Amino acid sequence: MNEFKEKILQVCNGIRPNTLMETLKIEYVDVGENYLVAKMPVNSAVHQPDGILHGGATVALAESVGSAASYVFLDAQKFVVRGIEISANHLKSVSEGYVYAKASLIHKGRTTQLWEIKITDEQDRLISICKLTTIALAKS
């Protein structure tokens, strides 16, 4: 399992160059049965003017890890995945360190998938909770 896990993380991190994930320094760090985890540094690049993590950066992290998880758990040779809806509730602010996003599969349908993404800080405190719906479209 460890070899398989490392290969999945290598593939996920390998598609980051020249994307928003690279810009935000999002790194995929863990994968398991029906979940994927990524981390993002919290610094001035993702701050609001008052020095705390911007909600938009949080949502970008959530959609990035949820969409990547859809690719991991679907047949990427047959399907393309698109996010069709995302919602977020921001519960606590953070100004430095790292935040971690864990995308957990709630529903895996033939066409749509529903993901819960919990954003936590380095002390495992819940910062935001997001819900992402993705759609799998057959490649033509």
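Keep in mind that what you see is a predicted model, and the values were worked out from it rather than measured.

## Describing the packing of aromatic side chains
Stage number 1. Applying the stated rule across the entire model yields one aromatic pair.
Stage number 2. Relative to Trp115, the ring of Phe73 has its centre 6.1 Å away and its plane inclined at 35 degrees; by these criteria the two rings are tilted. Placement of the pair is Phe73 in helix H3 (residues 55–73) and Trp115 in strand E5 (residues 112–121), with a sequence separation of 42 residues.
Stage number 3. A cation over a ring is seen here: Lys39 above Tyr98, with NZ or CZ 4.5 Å from the ring centre.
Stage number 4. For Lys102, the ring lying beneath its charged end belongs to Tyr35, and the centroid distance is 4.4 Å.

## Details of the side chain of Thr58
Stage number 1. Relative to the helices and strands, Thr58 resides in helix H3.
Stage number 2. Among residues more than four places away in sequence, those in contact with Thr58 are Leu53, His90, Ile119 and Ser128.

## Observations concerning the state of the cysteines
Stage number 1. Under the defined criterion, the tally for this structure stands at zero disulfides.
Stage number 2. With no disulfide of its own, Cys12 has Cys130 as its nearest cysteine by sulfur position, at a separation of 18 Å.

## Concerning the pairing of E5
Stage number 1. Across nine bridges, the pairing between strand E4 (residues 97–108) and E5 is antiparallel. Bridging across to E5, Tyr100 finds its partner in Thr120.
Stage number 2. Bridge count between E5 and strand E6 (residues 126–138): nine bridges; the pairing is antiparallel. Each residue of the ladder has a partner; that of Thr120, found in E6, is Leu126.
Stage number 3. Between the antiparallel neighbours E5 and E6 lie four residues, among them Asp124 with a positive phi of about 65 degrees.

## Description of the pattern of salt bridges
Stage number 1. Under the criterion given, the structure shown has two salt bridges.
Stage number 2. Across the pair Lys5 and Asp30 runs a salt bridge, and its minimum N-O distance is 2.8 Å. One end of the pair, Lys5, is in helix H1 (residues 2–14); the other, Asp30, is in strand E1 (residues 27–32), with 25 residues separating them in the sequence.
Stage number 3. Accessibility expressed as a relative area gives 22% for Asp30, which makes it partly exposed.
Stage number 4. For Arg125, the salt bridge goes to Asp121, with nearest N and O atoms at 2.7 Å.
Stage number 5. Taking relative accessible area as the criterion, Arg125 reaches 41% and is therefore assigned partly exposed.

## Notes on the pairing of E4
In regular strands, side chains alternate between the two faces of the sheet.
Stage number 1. Relative to E4, strand E2 (residues 35–42) runs antiparallel, the two sharing eight bridges. Each bridged residue has a counterpart across the sheet, and for Ala38 the counterpart in E4 is Ala101.
Stage number 2. Where E4 folds back onto E5 in an antiparallel hairpin, the turn is made up of three residues.

Calculation notes
- Along each chain, residues carry numbers from 1 onward, in the same order as the chain's sequence is written.
- pLDDT decides what is reported in this predicted model: residues at 70 or higher carry local features, side-chain atom pairs at 80 or more are listed and counted, and totals for whole chains, interfaces and linings draw on all residues regardless.
- With hydrogens and water stripped out, all remaining heavy atoms of the structure feed into the side-chain values.
- Centres within 6.5 Å are what make two rings of Phe, Tyr or Trp a pair, Trp counting through its six-membered ring; a difference in plane orientation under 30 degrees is then read as stacked, over 60 as edge-to-face, and the rest as tilted.
- Helical segments are the DSSP runs of H or I of at least four residues, strand segments are the runs of E of at least two, and each set is numbered from the N terminus.
- The rule for a charge over a ring is simple: NZ of Lys or CZ of Arg within 6 Å of the ring centre, and within 35 degrees of the ring normal.
- Contacts were defined at the residue level, with two residues in contact if any of their heavy atoms lie within 4.5 Å.
- Two cysteine sulfurs form what is called a disulfide whenever their separation falls within 2.5 Å.
- Pairs of strands are assigned from DSSP output, requiring at least two bridges between the strands.
- When a carboxyl oxygen of Asp or Glu lies within 4 Å of a side-chain nitrogen of Lys or Arg, that pair is called a salt bridge.
- Partly exposed describes any residue whose relative accessible area lies between the buried limit of under 20% and the exposed limit of over 50%, with all areas from a 1.4 Å probe on protein chains only and scaled to the type maximum.

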